[in-house]
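In case you want the letters, here they are:
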Amino acid sequence: MNRIFLNENNQNNRGEKNSPHKKSFDFNLYKKNTINSIHDVEYFLNNFNHYLKYLKLYKIIKK
């Protein structure tokens with residue numbers, strides 16, 4: 001018969017570590033990260049459109 005004995009801290013004696021506690025939800029940090037991500041995507045797309053113009057020009061000149 002296998003038994004799990006718990007010490008006074010409610011941890012088992014097998015040496016297994018309990019999972020870390022769940023972090024609290026920080027709405028302001030979540031909002032800030034979302035805004036930064038949207039800004040990064042917008043910046044990339046604006047620059048990508050700029051590079052597409054040069055790519056089209058390169059294709060025309062290459063012919």
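Scroll up for the structure.
Nothing here was measured: the structure is a model prediction, and the numbers come from that model. (Residues numbered from 1 in each chain as written. Predicted model: local features only at pLDDT ≥ 70, side-chain atom pairs only at ≥ 80, totals over all residues. Heavy atoms only, no water.)

**Student:** Would you explain the overall build of the chain in this entry?
**Tutor:** When helices and strands are tallied, the chain shows one helix and zero strands. In the chain, which comprises 63 residues, the share counted as buried stands at 0%. Element-wise, carbon and sulfur atoms account for 56% of the exposed surface of the chain, whose accessible area totals about 7200 Å². (Helix = DSSP H or I, 4+ residues; strand = E, 2+ residues; numbered from the N terminus. Buried < 20%, exposed > 50% of the residue type's maximum accessible area, 1.4 Å probe, protein only. Areas by Shrake-Rupley, 256 points an atom, 1.4 Å probe, with all protein chains shown as cover.)

**Student:** Where do I start with a nonpolar patch on the surface in this structure?
**Tutor:** Taken together, the side chains of V41, F44, L45, F48, L52, L55 and Y58 present a nonpolar region at the surface, about 690 Å² in accessible area. Assignment of secondary structure puts L52 in helix α1 (residues 27-62). (Patch = residues over 30% accessible without salt bridge, like charges linked within 9 Å, V, L, I, M, F, W, Y side chains within 5 Å. Salt bridge = Lys/Arg side-chain N within 4 Å of Asp/Glu carboxyl O.)

**Student:** Quick question: what am I supposed to make of a positive patch on the surface here?
**Tutor:** Taken together, the side chains of K53, K56, K59 and K63 make up a positively charged region of the molecular surface. On the secondary structure map, K59 appears in helix α1. Here K59 falls in the exposed class, since its relative accessible area comes to 52%. (Lys, Arg positive; Asp, Glu negative; His and termini not counted. Charge placed at Lys NZ, Arg CZ, Asp CG, Glu CD.)

**Student:** Help me understand α1 in this model?
**Tutor:** Residues lying three or four places apart along an α-helix face the same way, a consequence of the helix completing one turn every 3.6 residues. The first and last C-alpha atoms of α1 sit 52 Å apart over 36 residues, in line with the 52 Å expected at 1.5 Å per residue. Within α1, only zero of the 36 residues are buried, leaving the element largely exposed. (Expected span 1.5 Å × (residues − 1).)

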